[in-house]
Amino acid sequence: MRREATLIRGDGIGPEITQATLQVLEALGAQFDWDEQYGGVTAIEKAGTPLPDATLESVRRTGLALKGPLTTPLGGGYRSVTVALRQEFELYANVRPVKSIVPGGKFPDVDLVVIRENVEGLYVGIDRTFKVGDDPKALAQTMSVMTRDGCRRIVRYAFEYARKHGRKKVTVVHKANILKATSGLFLETARQVAEGYEGRIAVDEKIVDNAAMQLVINPAQFDVIVTTNLFGDILSDEASGLVGGLGLAPGANVGETAAIFEPVHGSAPDIAGQGIANPAAQLLAAAMMLDHVEELDAAARLRCALELAIVKDNVRTRDLGGSASTAEFARAVARRL
Ligand code: ATP
């Protein structure tokens, strides 16, 4: 069945990696009707705003989007477009799978998923400075806000994800020993949710500093990690660094009514326009999108073709130690399909 989906190619390397992804999806025979929209700097050039109403309306209608990285211009009062999209559609779950693909890495057997709460905590936007005497910024304050409902739905999402994807263990990462109110509420609620999965999915608790250390000592011990907004941001980048960096890290932002799939990396202005960016993260984001619409076979074929292109055909972009261009990598994946 054909499905309409919003396409936002993005800024910097976004258009290059998205073009590569569209070619691979065509080779796969994936059935998306794309409604192309704009965001970030490209949207400012076209529509005078980084997040045009037409883009929001499209995502509202399709409930499904593939998006490249967006650049938020510094100054000009623009807030992050990516964060604004998450807030607008209440995309409360950020899902970032991290898996060893490239052989010869330090950690050959990593296969974990970081599930990060995406709309609460320190990202609610209560962030201000205060004037004392003649110093306009003598005091700075950022507030973390968490709700029991918000904690419950993200932990539930993590356990349900584990159940659906045949995963065995959920590790709850927190800092409840110091942040007694916010992180304490998260941990307390996580324990309640975990009870409902007793005997089916194991649960484990780790304080965030210990989790960060354990990740670099023995990442294979982790299966699903669920945590709050800022900790999840940091741990998922750390985890992607264990297996070859950002070029291989996809992410999904999921809510009740919409889901947006994107690479974890930014717009990489240092290499934009050169045709050398690694499109793998965007391709793996497309695979997550196929999973989301229950095209499980297509998603598995795409992941398998990508792994074969890297491992067996040895076609790799520069960030992975190879010399293939973005287009050559896409062709290698398409050939495997
Ligand atoms: P942002 O603020 O948008 O996150 P950034 O420059 O801080 O941007 P990235 O854009 O993620 O962060 O880039 C970090 C580094 O990783 C850069 O050197 C970039 O070239 C590299 N990089 C990111 N994505 C890719 C990719 N897909 N292929 C190759 N290199 C990449």
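Before reading on, note that the structure itself is shown above.
Below: a short report on this structure. The residue numbering used here restarts from 1 in each chain and proceeds along that chain's sequence as written. In keeping with the predicted nature of the model, local features appear solely for residues at pLDDT of at least 70, side-chain atom pairs appear and are counted solely at 80 or more, and the whole-chain, interface and lining totals rest on all residues. Heavy atoms from the whole structure form the basis of all side-chain values; hydrogens and water molecules are not counted.

Examining the pairing of strand β1 (residues 3-8)
Only strands joined by at least two bridges in the DSSP assignment are considered to pair. The secondary structure listing takes helices from DSSP runs of H or I that are at least 4 residues long and strands from runs of E that are at least 2 residues long, numbered from the N terminus. In this sheet, strand β2 (residues 32-37) lies alongside β1 in parallel orientation, the contact comprising six bridges. Bridge pairing links Arg3 to Phe32 in β2. The path from the first strand over the helix to the second decides the hand: if it runs clockwise while the strands point away from the viewer, the crossover is right-handed. For the crossover from β1 across helix α1 (residues 14-28) to β2, the handedness is right-handed.

Let's talk about the sheet that holds β1
Taking strand neighbours across the sheet as the criterion, the 10 strands line up as β2-β1-β3-β12-β11-β4-β5-β10-β8-β9 in an open arrangement whose pairing is mixed. Of all strands in the sheet, those with a lone pairing partner are β2 and β9 (202-207), marking the two edges. Within this sheet the neighbouring strands show an average axis-to-axis angle of 25 degrees, counted without direction. Both strand β8 (residues 169-174) and β9 contribute to a ladder of six bridges, which runs parallel. Bridging from a neighbouring strand, Val172 pairs with Glu205 of β9. Docked against the sheet, helix α6 (residues 182-195) engages β8, β9 and β10 (224-227), running at close to 165 degrees with respect to β8. Axis lines are fitted to C-alpha atoms, over the contacting stretch for helices. Their N-to-C directions set the angle, which ranges from 0 to 180 degrees. We call two residues in contact whenever any of their non-hydrogen atoms come within 4.5 Å of each other.

Some thoughts on the pairing of β8
Each regular strand carries side chains that alternate between the two faces of the sheet. Along β8, five of the six residues are buried, which leaves the element largely enclosed by surrounding structure. Handedness of the crossover is the feature at issue here: the chain leaves β8, passes through α6, returns alongside β9, and the resulting connection is right-handed. Buried residues are those whose accessible area, probed at 1.4 Å on protein chains only, stays under 20% of the maximum for their type, while exposed residues exceed 50% and partly exposed ones sit between those limits.

Some remarks on the site of the ligand
Near, as used in this document, describes a residue that has one of its heavy atoms within 4 Å of the molecule or strand being considered. If you check the shell around the ligand, you find Ile13, Leu246, His265, Gly266, Ser267, Ala268, Asp270, Ile271, Ala277, Asn278 and Asp319 and nothing else. Note that an oxygen atom of the ligand is positioned 2.6 Å from one of the backbone N or O atoms of Gly266. In isolation the ligand exposes 610 Å². Once the protein is present, 59% of that is buried. Broken down by class, the residue content of the shell around the ligand amounts to five nonpolar, four polar and two charged. What qualifies as a polar contact is a pair of N or O atoms within 3.5 Å, subject to a donor-acceptor requirement within protein and to the restriction that residues adjacent in sequence count only when both atoms come from side chains. Accessible areas in this description were obtained via Shrake-Rupley with a 1.4 Å probe; residue shielding takes into account the shown protein chains only. Side-chain classes are defined by residue name, with Ala, Val, Leu, Ile, Met, Phe, Trp, Tyr, Cys and Pro counting as nonpolar, Asp, Glu, Lys and Arg as charged, and the others, Gly among them, as polar.

A look at the nonpolar core
Joining through side-chain atoms within 4.5 Å is the link that ties buried Ala, Val, Leu, Ile, Met, Phe, Trp, Tyr and Cys residues into a set, and such a set is a nonpolar core. Within the largest apolar cluster, 69 residues are counted, with the highest numbers of intra-cluster contacts made by Ile115, Phe261, Leu302 and Phe329. With nine residues, helix α9 (residues 280-292) is the single largest residue contributor to this core. Of the residues that make up this core, three or more belong to each of domain 1 (1-110 + 242-337) and domain 2 (122-225). Those residues in contact with Ile115, other than ones at most four positions away along the chain, are Asn94, Val95, Ile154, Tyr157, Ala158, Tyr161, Val224, Ile225, Val226 and Thr227. Grouped together as the second largest cluster of nonpolar side chains are 16 residues, Val98, Val114, Val208 and Val243 included. Where each domain begins and ends follows an automated or database-derived domain assignment.

Structural notes on the pattern of salt bridges
Salt bridges are defined by distance alone: a side-chain nitrogen of Lys or Arg within 4 Å of a carboxyl oxygen of Asp or Glu. By the definition in use, this model includes 21 salt bridges. In this structure, the salt-bridge partner of Glu90 is Arg153, at a minimum N-O distance of 2.7 Å. Taken together, the residues Glu90 in the loop between α4 (81-88) and β4 (93-99) and Arg153 in helix α5 (residues 148-164) connect sequence positions 63 residues apart. Taking the relative accessible area as the measure of exposure, Glu90 reaches 41% and is therefore partly exposed. Taking the relative accessible area as the measure of exposure, Arg153 reaches 22% and is therefore partly exposed. Residues Glu188 and Arg148 are paired through a salt bridge, measuring 3.0 Å at the closest nitrogen-oxygen approach. One end of the pair, Glu188, is in helix α6; the other, Arg148, is in helix α5, and 40 residues separate them in sequence.

Quick word on helix α7 (residues 208-217)
Among the residues making up α7, those that are buried are Val208, Ala211, Gln214 and Leu215. Projected down its long axis, α7 carries its buried residues within an arc of 115 degrees, all on one side. The inward-facing, buried residues of α7 abut β5 (111-117), β8, β9 and α8 (229-242). Along the arc lie the directions from the helix axis toward the C-beta atoms.

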